[in-house]
Amino acid sequence: KPEIHGDITTDAVTVLYTTELDGLLWVMVVADDDRADTPPPSTSAQRIKGAVDAVGRSVCRRMGTPAMAGDPKELTLYGCEFQGGAPYAIFAYVESLTGLEDDGMLIGPIFFRVPHPSNSFAVEPKISKPITKDGTSLSFRSTAPAGHFYTMLVAEVNADGVD
């Protein structure tokens, strides 16, 4: 059975899994409302293959990834855009290379909660001076009195490729 391995961040979660046979693996994360009066999240082989209800960017899921039998393997899903403090669930589906389509095994939900970030923005960053070839300035306000701030300036056409 797959299990969560290592730290969970607002961007990524790592799954440790082992398959009994060589095959193809699908893994996705869905949001959970964490309410007792609603049913837990569910899915099917067809829904996981279509990434129905999956959260995050395409790198936050695996679609038909080769899975080799044997020792446990780590699979990190990143670009997930998790909300700190929110509950989520992982689903994994594996089928053999020689079996019929959708005849594999579905595991999940595997529940987890994303920790709250150590700092966040009280006021979102915005460009406060015109961008020139020499640079620009940003203004923002954080919720913590101190911390680190990292930024990167890229061309708009390349923004989707930044992780």
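Residues numbered from 1 in each chain as written. Predicted model: local features only at pLDDT ≥ 70, side-chain atom pairs only at ≥ 80, totals over all residues. Heavy atoms only, no water.

**Notes on the overall build of the protein**
Reasoning step 1: Scanning the protein from N- to C-terminus turns up one helix and nine strands.
Reasoning step 2: Mapped in sequence order, the helices and strands of the protein form the string β-β-β-α-β-β-β-β-β-β.
Reasoning step 3: Over its C-alpha atoms the protein spans a radius of gyration of 19 Å, topping by over 25% the 15 Å that the globule rule assigns to 163 residues.
Reasoning step 4: In terms of its C-alpha atoms, the protein occupies a principal-axis envelope of roughly 60 × 40 × 30 Å.
Reasoning step 5: In the protein, which comprises 163 residues, the share counted as buried stands at 28%. (Helix = DSSP H or I, 4+ residues; strand = E, 2+ residues; numbered from the N terminus. Rg over C-alpha atoms; globule rule 2.2 N^0.38 Å. Buried < 20%, exposed > 50% of the residue type's maximum accessible area, 1.4 Å probe, protein only.)

**Focus on the state of the cysteines**
Reasoning step 1: Inspection of the entire model under this criterion finds one disulfide.
Reasoning step 2: A disulfide bridge connects Cys60 with Cys80, and the sulfur atoms are separated by 2.0 Å. Across the S-S bond linking Cys60 and Cys80, the dihedral sits near 100°, which makes this disulfide right-handed. Separated by 20 residues along the polypeptide, Cys60 in the loop between α1 (45-49) and β4 (62-67) and Cys80 in the loop between β5 (73-78) and β6 (87-96) bring together distant segments of the chain. The two residues Cys60 and Cys80 agree in class, both being buried. (Disulfide = S-S within 2.5 Å.)

**Things to note about the sheet that holds strand β7 (residues 105-113)**
Strands belonging to one sheet form pairs held by backbone hydrogen bonds; the direction of such a pair is parallel or antiparallel.
Reasoning step 1: Taken together, four strands build an open sheet; the order of strands is β4-β3-β6-β7 and the sheet is antiparallel. Only two strands of the sheet have a single partner each, and these edge strands are β4 and β7. With strand direction ignored, the average angle separating the axes of adjacent strands in the sheet is 25°.
Reasoning step 2: As defined by bridge partners, β6 adjoins β7 across seven bridges and the pair is classed as antiparallel. Bridged to Pro87 within β7 is Arg113. (Pairing = 2+ DSSP bridges. Axes fitted to C-alpha atoms, helices over the stretch in contact; angles between N-to-C directions.)

**So, the environment of Ala45**
Reasoning step 1: By the element assignment, Ala45 lies in helix α1.
Reasoning step 2: The spacing of Ala45 and Tyr93 is 48 residues in sequence and 6.7 Å in space, taken between C-alpha atoms.

**Re the pattern of salt bridges**
Reasoning step 1: Taken as a whole and assessed by the stated rule, the structure comprises two salt bridges.
Reasoning step 2: Residues Lys49 and Glu95 are paired through a salt bridge, measuring 3.1 Å at the closest nitrogen-oxygen approach. Placement of the pair is Lys49 in helix α1 and Glu95 in strand β6, with a sequence separation of 46 residues. (Salt bridge = Lys/Arg side-chain N within 4 Å of Asp/Glu carboxyl O.)

**Here's the deal with the pairing of strand β9 (residues 135-142)**
Reasoning step 1: The sheet contact formed by strand β8 (residues 121-132) and β9 spans six bridges and is antiparallel. Paired with Lys126 across the strands is Ser139, a residue of β9.
Reasoning step 2: Taking the residues between adjacent antiparallel strands as the criterion, β8 and β9 are bridged by two residues.

**Describing the sheet that holds strand β2 (residues 12-17)**
Reasoning step 1: If you trace the three strands from one edge of the open sheet to the other, you get β1-β2-β5, paired in antiparallel fashion. Looking at the sheet topology across the chains shown, the edges are occupied by β1 (3-4) and β5.

**As for the layout of surface pockets**
Reasoning step 1: Estimates place the volume of the largest pocket at around 1200 Å³.
Reasoning step 2: Every residue lining the largest pocket is counted, 27 residues in all, and those nearest its centre are Thr10, Asn119, Phe121, Phe149 and Tyr150.
Reasoning step 3: If you list the elements that add at least two residues to the lining of the largest pocket, you get β8 and β9.
Reasoning step 4: In the lining of the largest pocket, the residues fall into 13 nonpolar, 10 polar and four charged.
Reasoning step 5: Its boundaries defined by the atoms lining it, the second largest pocket holds a volume of some 410 Å³.
Reasoning step 6: In this structure, the second largest pocket is lined by 19 residues; those nearest its centre are Thr18, Thr19, Glu20, Val94 and Met105.
Reasoning step 7: Within the residue set of the lining of the second largest pocket, elements represented by two or more residues are β3 (23-31), β6 and β7.
Reasoning step 8: At five residues, β6 tops the list of elements feeding residues into the lining of the second largest pocket.
Reasoning step 9: Looking at the lining of the second largest pocket residue by residue, the classes come out as nine nonpolar, five polar and five charged. (1 Å grid on protein atoms, 1.4 Å probe; cavity = no way out; pocket = protein on both sides within 12 Å on 5 of 7 lines; lining within 4 Å. Points joined across faces, edges and corners; volume = space filled by probe spheres on them. Nonpolar A, V, L, I, M, F, W, Y, C, P; charged D, E, K, R; others polar.)

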